[in-house]
Amino acid sequence: MCSEERATWRDLGAVIVDCGGQGSVKRLISIKMELTITQPDDWHLHLRDGSLLEAVLPHSAKHFARAIVMPNLKPPITTTAAAVTYRESILKAIPKDSNFTPLMTLYLTDVTTPDEIKLAKKSGLVYGVKLYPAGATTNSQDGVTDLFRNCFSVLEEMSEQNLPLLVHGEVANSDVDIFDRENVFIETILEPLVQKLPQLKVVMEHITTADAVKFVESCKEGYVAATVTPQHLLLNRNALFQGGLQPHNYCLPVLKREIHRQAIVSAVTSGSKRFFLGTDSAPHDRHKKECACGCAGIYNSPVALSLYAKVFEEAGALDKLEAFTSFNGPDFYGLPRNKSKIKLRKAPWKVPDYFSFPFGDIVPMYAGETIEWEALPC
Ligand SMILES: NC(=O)N[C@@H](CC(=O)O)C(=O)O
Ligand SMILES: [Zn+2]
Ligand SMILES: [Zn+2]
């Protein structure tokens, strides 16, 4: 049933085996369960453009009602006019039977103007402005070189217009160790930023460390929040080298130590409203991942919901899943929660080794592995 307001459980029956012997010991070997939740949104998604957009969009549209669409195209989406055109090409690629709505963003540069922010807000189609520190990640070469010096009036205008700043929270300085880049970004950029502009809404995207959890929790609720990916909840940095170099586990910010993974799991499964779903699904052609200089980004749209369910189940917190996937995000952005529902059924399925398209293959996260939870439309 998909009409209820809140998450509902359905026990599809337990499988019990008789282990024989005296007293006939019976053992529960599996419980089949089904959970119906409000349809989730993806608050951090790379849809790309052209044939890659057409290839990946159906995977997101199958599970998610809305998505914050990242602007790091080539060239980047730096103006409202470009965001409107990009949105139209996304709308054309949406499968006929889908209710998917793209929520557009602008790519902040050293030369973005406060007037552009006014235009963006007025359009009603732009929901955030993305800060890529120049050189920090994929397609960030046009990003910001000095936030406080070059963008302060723009940030003030965003605060005024109630338009959130979405951040790739890493410094890009070559003298800062790659595993410390998030931490240094918090100290040198985020802490001063929330001091200077306490009314500015900030989403720290794809957090990877206990330090980021601590920072977000120390800020005023409703002003600073964080998105969390399936990979940073399930994998630690060993996954980059397990049995040899694993390019499909390489994303930025790079995976961190196990203690950090555990801190992020605790944060999202605690029921805190400050954390919400953002897959950071970032498709790249297989040849751009499996090569001498493989690029950063993990493609997880087809498996993300199943993997989030796995994380919450393993933490004994399935009752907190719906708030993370479907309530905290819209509440932070001041948008209505979805009315539509989705089913999560505990039924093992095998993730394809790759998805094949005319232009090439895309290898998803957990390729070839079996996952316990399946997401089904309602
Ligand atoms: N996460 C990644 O490793 N890559 C993203 C960019 C980003 O979100 O930083 C991409 O666009 O490929
Ligand atoms: Zn990023
Ligand atoms: Zn991203």
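- The protein chain appears in an unreviewed UniProt entry as Dihydroorotase, mitochondrial from Psophocarpus tetragonolobus.
- Recorded in UniProt under Sequence similarities (unreviewed entry), the annotation for the protein chain is "Belongs to the metallo-dependent hydrolases superfamily. DHOase family. Class II DHOase subfamily."
- As recorded by UniProt, the Pathway (unreviewed entry) comment attached to the protein chain reads in full: "Pyrimidine metabolism; UMP biosynthesis via de novo pathway; (S)-dihydroorotate from bicarbonate: step 3/3."

Things to note about the coordination of the zinc ion (ligand 2)
Stage number 1. Looking at the zinc ion (ligand 2), one finds its protein donor set to be His-168 (ND1) and His-206 (NE2), positioned 2.0 to 2.1 Å from the metal centre.
Stage number 2. Geometry at the zinc ion (ligand 2) is irregular, judged from its 4 donor atoms and the angles of 53 to 145 degrees they form at the metal.
Stage number 3. Taken as a pair, the zinc ion (ligand 2) and the zinc ion (ligand 3) lie 3.8 Å from each other. Linking His-168 in the loop between strand 7 (165-167) and helix 5 (181-196) with His-206 in the loop between strand 8 (202-204) and helix 6 (210-218), this pair joins segments that are 38 residues apart in sequence.

Re the sheet that holds strand 4 (residues 66-69)
Stage number 1. Pairing within the open sheet is parallel, and its 8 strands lie in the order 3-4-5-6-7-8-9-10. The open sheet has two free edges, formed respectively by strand 3 (42-45) and strand 10 (275-277), since each of these has just one partner strand. Within this sheet the neighbouring strands show an average axis-to-axis angle of 30 degrees, counted without direction.

Observations concerning the packing of aromatic side chains
Stage number 1. Evaluated as defined, the whole model comprises 10 aromatic pairs.
Stage number 2. Ring centres 6.5 Å apart and planes at 90 degrees place the aromatic pair Tyr-299 and Phe-355 in the edge-to-face group. Of the two residues, Tyr-299 is situated in the loop between helix 9 (286-289) and helix 10 (304-314) and Phe-355 in strand 12 (residues 355-357); the sequence distance between them amounts to 56 residues. In this structure, Tyr-299 and Phe-355 share a single accessibility class: buried.
Stage number 3. Summarising the aromatic geometry, the rings of Phe-332 and Tyr-333 are spaced 5.8 Å apart at their centres and angled 75 degrees between planes, so their arrangement reads as edge-to-face. Accessibility classification places Phe-332 together with Tyr-333 in one group, the buried group.
Stage number 4. What links up through ring pairs into an aromatic cluster is the set Trp-43, Phe-276, Phe-332 and Tyr-333.
Stage number 5. Across the ring face of Phe-148, the terminal group of Lys-196 is positioned such that the distance to the ring centre comes to 5.0 Å.
Stage number 6. In this arrangement the basic side chain of Lys-201 is found over the ring face of Phe-332, its NZ or CZ atom lying 4.7 Å from the centre.

Analysis parameters
Residues numbered from 1 in each chain as written. Chains lettered and ligands numbered in written order. Predicted model: local features only at pLDDT ≥ 70, side-chain atom pairs only at ≥ 80, totals over all residues. Heavy atoms only, no water. UniProt positions renumbered as here; feature names shortened; annotations may be inferred. Donors = N, O, S within 2.8 Å, 3.2 Å for Na, K, Ca; no water. Tetrahedral: all angles 85-135°; square planar, octahedral: opposite > 155°, others 65-115°. Helix = DSSP H or I, 4+ residues; strand = E, 2+ residues; numbered from the N terminus. Pairing = 2+ DSSP bridges. Axes fitted to C-alpha atoms, helices over the stretch in contact; angles between N-to-C directions. Phe/Tyr/Trp six-rings, centres within 6.5 Å; stacked < 30°, edge-to-face > 60°. Buried < 20%, exposed > 50% of the residue type's maximum accessible area, 1.4 Å probe, protein only. Lys NZ or Arg CZ within 6 Å of the ring centre and 35° of its normal.

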